[in-house]
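Here's the letter readout for the chains.
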Amino acid sequence: MDSITLTRPDDWHLHLRDDDVLGAVVNHTAAQMGRAIIMPNLKPPVTTTEQALAYRERILEAADPAHRFEPLMTLYLTDTTTAEEIEKAVASGMVKAVKLYPAGATTNSASGVTDIAHCDAAIAMMAKLGMPLLIHGEVTDGEIDIFDREAAFIERVLKPLLARHPSLKVVCEHITTQQAAEFVAAGPDNLAATITAHHLLFNRNKMLAGGIRPHYYCLPILKREQHRQALLKAATSGSPKFFLGTDSAPHEKGDKESSCGCAGAYTAPVAIELYATAFEQMGALDKLEAFASLNGPRFYGLEPNADTITLERREQTLPAQYGYGNGLSIVPLMAGECLAWTMKR
Ligand SMILES: NC(=O)N[C@@H](CC(=O)O)C(=O)O
Ligand SMILES: [Zn+2]
Ligand SMILES: [Zn+2]
């Protein structure tokens, strides 16, 4: 197969940041994706509908209008989010989901939820109004090994949450383990998951064997091969519960190449090519369209995009970095490496 044409994909988990970084990254996504669910972990976080609508305007201003990119906004859930704020968010028509970060779990999560019991009224309203809860599913307990934090979250937090709010729409974001893939696959229709391209392509050896590679450090952290295989199986299974969410998370080069480097992998410029590479490894390119372009809108109650994109079997080499601002840069995942697929522009 030398080319594949698919319904234009969407990115159901994306970090665009703000200001200079927003300007540097937004068109990488807008050139490929019709829509994206925009993560609210700015500094300070996007906790109100008003802030989400203002952020949406900044994104639209930064995006090239020729791409007709549509940002789908989210609210950052905190211990004090009210049921009224959820009603406002739903009424806006622009806020499509609410994001749960356990406090301290990941980048810019300091204002996250300390105990999900504090959010019960807001979550009950979300269940009532059909507003999805998107979850960074890792426990933050220092006693739990970093490689076990996702599996522990399922047992300690997710199962009780779903038992208490059985009709709540939940997306387990960026799942990384066999436990999560199996739990979602076996769950009800209102439970789904996004999977990143990097967790489909790499296990933890890529990050740690033969040298420490900070651009592969993200959260949840890359796991062992058994888990990557489980994610590939889920993504290519044809199940509508799994869909594309890049978790593309730009950080300035110096913040990653540091004695205490921050978490996040930048994949937006070649997101669909990375997914095509992973699906091809499984001989499952025929399953890419459902995963990338159909399952997400179906879960969110939206129509798939009306246009298409074409991927060609043509090599491209990723740049070493993307410059922005005053001498700053963002290093993409697989910088300087070659990909077999290229999206036709
Ligand atoms: N995935 C990451 O490693 N980082 C994300 C936050 C997140 O999605 O957890 C970021 O905002 O940089
Ligand atoms: Zn996360
Ligand atoms: Zn993320």
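Here the structure is shown first, and the text comes after it.
Residues numbered from 1 in each chain as written. Chains lettered and ligands numbered in written order. Predicted model: local features only at pLDDT ≥ 70, side-chain atom pairs only at ≥ 80, totals over all residues. Heavy atoms only, no water.

**So, the sheet that holds strand β15 (residues 342-343)**
So, step 1. Spatial strand order, β1-β10-β15: three strands in an open sheet with antiparallel pairing. Edge strands, defined here as strands with exactly one partner in the open sheet, are β1 (3-7) and β15.
So, step 2. Bridging between β1 and strand β10 (residues 308-312) involves five bridges; their strand directions are antiparallel. If you follow Ser-3 over to β10, its bridge partner there is Glu-312.
So, step 3. Relative to the sheet, helix α11 (residues 271-281) contacts β1, β10 and β15, its axis offset from that of β10 by approximately 60°.
So, step 4. Lying on the sheet, helix α12 (residues 288-300) is in contact with β1 and β10; it crosses β1 at an angle near 30°. (Pairing = 2+ DSSP bridges. Helix = DSSP H or I, 4+ residues; strand = E, 2+ residues; numbered from the N terminus. Contact = heavy atoms within 4.5 Å. Axes fitted to C-alpha atoms, helices over the stretch in contact; angles between N-to-C directions.)

**So, unusual backbone geometry**
So, step 1. At the junction of Lys-43 and Pro-44, the peptide bond is cis and its omega measures out at -5° in the coordinates.
So, step 2. For Pro-44, the location among the structural elements is in the loop between β3 (35-38) and α2 (49-62).
So, step 3. For Arg-17, which is not glycine, the phi torsion reads 60° and is therefore positive.
So, step 4. The residue Arg-17 is located in the loop between β2 (11-14) and α1 (19-30) in this model.
So, step 5. On the basis of relative accessible area, Arg-17 is assigned to the buried category, the value being 13%.
So, step 6. Phi is positive for Asn-108, close to 50°, though the residue is something other than glycine. (Buried < 20%, exposed > 50% of the residue type's maximum accessible area, 1.4 Å probe, protein only.)

**Focus on the packing of helix α3 (residues 83-92) against helix α4 (residues 120-129)**
So, step 1. Running from N to C, α3 and α4 cross one another at 30°; their axes reach a closest spacing of 8 Å. Considering how the two elements wind past one another, α3 and α4 form a crossing that is right-handed. Note on element contacts: α4 touches α3 through Ala-121, Ala-122, Met-125, Met-126 and Leu-129, opposite Ala-83, Ile-86, Glu-87 and Val-90.
So, step 2. Classifying every residue of the contact of α3 with α4 by side-chain character gives eight nonpolar, no polar and one charged. (Left-handed = near helix turned anticlockwise from the far one by under 90°. Nonpolar A, V, L, I, M, F, W, Y, C, P; charged D, E, K, R; others polar.)

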